[in-house]
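What follows is the residue order along each chain.
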4 protein chains.
Amino acid sequence: MSKGELQWIIPDGYIPPDSSGQLESHESICVLNLNPEEVVVTVNVFFEDREPLLGMKTPVSGRRTKHIRTASLQAEGRQIPKGVPYAMEVASSGPVYVQYSRLDSTQAENALMSVMAYPVKA
Amino acid sequence: MSKGELQWIIPDGYIPPDSSGQLESHESICVLNLNPEEVVVTVNVFFEDREPLLGMKTPVSGRRTKHIRTASLQAEGRQIPKGVPYAMEVASSGPVYVQYSRLDSTQAENALMSVMAYPVKA
Amino acid sequence: MSKGELQWIIPDGYIPPDSSGQLESHESICVLNLNPEEVVVTVNVFFEDREPLLGMKTPVSGRRTKHIRTASLQAEGRQIPKGVPYAMEVASSGPVYVQYSRLDSTQAENALMSVMAYPVKA
Amino acid sequence: MSKGELQWIIPDGYIPPDSSGQLESHESICVLNLNPEEVVVTVNVFFEDREPLLGMKTPVSGRRTKHIRTASLQAEGRQIPKGVPYAMEVASSGPVYVQYSRLDSTQAENALMSVMAYPVKA
């Protein structure tokens, strides 16, 4: 089994509602799966003022990365709302590595931020 | 009890005094509480040239996140001054996860930075 | 032997295809080798939709840093394509420290992001 | 004795040679000293193509932070040159916490990046 962690935390989630210029505002959850087998990644979302949105699942093939747009995730027809502060727990069926990045193009030029997600040690 | 840490450190705190464009300059301390119960988060602030400002408290409900604007914190009527370098210790009554982000719109376009706070292992 | 780690992970790799203004869009893998001897750093690249590109090697002298432009790496005449999401594993023949930074000047002004790479503990 | 670490690593150092707009390009090493006593912080700098520049010292008072401009550091009359890639080791006489941030205003608008320095566990 490859190294990595099964659970990662990203406290600062936010999908900017506006875009301008060439690039669209978005967030990416970047997952690297060094295992030979596919894993399934589950994203659970926590809000400030409402019940969590749980169980948004995405497969990541073996020895592949996937840069998941948070706006593309869904579970039972629900999606992460734009313009609302939230936080994420990323759980995986096998050990992976997770980084989180946001591009904000609310104003005419883009702004970038990125963090390694916080690993929860088994 | 959920995983997480009780103490987190953010050495680079700074509330930009100026804003321009659509978005206001600000910092956020983003806390995720995966416990079923509410926790109380205490922010202690350290300066370069004056005594610390201790004991700014905020509750975070169970299975919720809170993105705390540093400019909104207060203790005994005192607040974090703008335009002054400082550092933060974030202590929690229960295990949480903490990320720190700053939006600087001093100039016409916004700039973003973010770090996972540094966990102090019990 | 100096401290440090032999393996580091960077899940969010991306070479912006466009540049404008004074500075060219680029990524840097910043390696610090505190050992007295040279080490050899091997970068392995993983994609979303194709086989990995493995074995891009760079020497880093003893008590020196190297800020490696990802666009300069090659193995068997192949390079990392621009405008494609990917992820990196950085392996070293001796213990080192690794940080990853990206400058994006797609739009008229530059945007910066940086993360410490994720250390895989031996 | 307070918690914290005695040695921290920042592989991506760079003082942008140019500034424009309201804010000057700069880097800050942000140190938090939670001990009651003063500590002395020593910054050692490593380059790509020349001998290291060692022993740049700064005191940080007890229960205080210091946001150290890298351009202000010196040892034996030597300073960190602008426009040159380098890396830093930050060593302290007592346990501290260290974050690194860069403001780049080479182009008309500012760009920000920040990372927690990498702790070397004793």
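Treat the numbers as computed from the prediction; the structure is a model and nothing was measured. (Residues numbered from 1 in each chain as written. Chains lettered and ligands numbered in written order. Predicted model: local features only at pLDDT ≥ 70, side-chain atom pairs only at ≥ 80, totals over all residues. Heavy atoms only, no water.)

**Q** How should I be thinking about the interface of chain A and chain C in this particular structure?
**A** The accessible area lost on association of the parts is a frequent measure of interface size. Every contact between the two is made by 30 residues of chain A and, on the other side, 36 residues of chain C. Together, Arg64, Leu112 and Met116 of chain A form the three largest contributors to the area buried by chain A at its contact with chain C, with a combined 23%. Between the two partners, chain A and chain C, sit one salt bridge. Measuring nitrogen to oxygen at the nearest pair gives 2.8 Å for the salt bridge that ties Arg64 of chain A to Glu51 of chain C. Counting every contact that joins chain A to chain C gives nine residue pairs in polar contact (both at pLDDT 80 or more). Every element with two or more residues in the side of chain A that touches chain C is listed here: β1 (5-13), β2 (26-33), β5 (64-69), β6 (86-104) and β7 (111-116) of chain A. Considering every element that reaches the side of chain A that touches chain C, the biggest residue donor is β7 of chain A, with six residues. Tallied by class, residues from the side of chain A that touches chain C come to 14 nonpolar, nine polar and seven charged. (Contact = heavy atoms within 4.5 Å. Buried area = accessible area lost by both parts, 1.4 Å probe. Salt bridge = Lys/Arg side-chain N within 4 Å of Asp/Glu carboxyl O. Polar contact = N/O pair within 3.5 Å; in protein donor to acceptor, adjacent residues only side chain to side chain. Helix = DSSP H or I, 4+ residues; strand = E, 2+ residues; numbered from the N terminus. Nonpolar A, V, L, I, M, F, W, Y, C, P; charged D, E, K, R; others polar.)

**Q** Any chance you could explain the pairing of strand β3 (residues 39-47) of chain B here in plain terms?
**A** Consecutive residues of a regular strand have side chains that alternate between opposite faces of the sheet. Residues and elements named next belong to chain B. Burial runs high along β3: eight of the nine residues are buried. Relative to strand β4 (residues 53-60), β3 is paired through six bridges, and the arrangement is antiparallel. Counterpart to Val39 in the pairing with β4 is Val60. What sits between the antiparallel neighbours β3 and β4 is a turn of five residues. (Buried < 20%, exposed > 50% of the residue type's maximum accessible area, 1.4 Å probe, protein only. Pairing = 2+ DSSP bridges.)

**Q** Mind showing me how you'd approach the arrangement of the chains here?
**A** A minimum C-alpha distance of 7 Å separates chain B and chain C, which share no contact. Chain D makes no contact with chain A, the minimum C-alpha separation between the two being 7 Å.

**Q** Sorry, what's going on with the relation of the copies chain B and chain A here?
**A** A rotation about some axis, followed by a shift along it, carries one copy of the chain onto the other. When chain B is fitted onto chain A, the two copies agree to an RMSD of 0.0 Å after a turn of 90 degrees and an axial shift of 0.0 Å. Given the turn and translation reported, the copies of this chain are related as if by a four-fold rotation axis. (Least-squares fit on C-alpha atoms with pLDDT ≥ 70 in both.)

**Q** Teacher, can you tell me more about the pattern of salt bridges here?
**A** Side chains that differ in charge, positive against negative, can pair when their charged atoms come close. All names here are of chain B. Taken as a whole and assessed by the stated rule, the structure comprises 20 salt bridges over all chains. Taking the shortest distance from any N to any O, the salt bridge between Arg102 and Asp12 comes out at 3.1 Å. Residue Arg102 is found in strand β6 (residues 86-104), and its partner Asp12 is found in strand β1 (residues 5-13); the two are separated by 90 residues along the sequence. Each of the two residues, Arg102 as well as Asp12, counts as buried.

**Q** How should I be thinking about empty space enclosed by the protein in this particular structure?
**A** Rolled over the atoms, a probe sized like a water molecule indicates the empty space that remains. All chains considered together, the criterion is met by two cavities of 30 Å³ or more. Looking at the largest cavity, its volume works out to about 80 Å³. Considering the residues around the largest cavity, the lining is formed by 16 residues, among which Asn110 of chain A, Asn110 and Ala111 of chain B, Asn110 of chain C together with Asn110 of chain D are closest to the centre. Counting residues per element, the ones that place at least two in the lining of the largest cavity are β7 of chain A, β7 (111-116) of chain B, β7 (111-116) of chain C together with β7 (111-116) of chain D. Here the second largest cavity is characterised by a volume of approximately 40 Å³. Every residue along the wall of the second largest cavity is listed here: Leu112, Met113 and Ser114 of chain A, Leu112, Met113 and Ser114 of chain B, Leu112, Met113 and Ser114 of chain C together with Leu112, Met113 and Ser114 of chain D. Residue assignment for the lining of the second largest cavity shows that the elements contributing at least two residues are β7 of chain A, β7 of chain B, β7 of chain C together with β7 of chain D. Tallied by class, the residues present in the lining of the second largest cavity amount to eight nonpolar, four polar and no charged. (1 Å grid on protein atoms, 1.4 Å probe; cavity = no way out; pocket = protein on both sides within 12 Å on 5 of 7 lines; lining within 4 Å. Points joined across faces, edges and corners; volume = space filled by probe spheres on them.)

**Q** Which parts of the structure should I look at to understand the side chain of Ser28 of chain A?
**A** The residue Ser28 of chain A is located in strand β2 in this model. Leave out the neighbours within four places in its chain, and Ser28 of chain A touches Ile68, Arg69, Gln99, Tyr100 and Ser101 of chain A.

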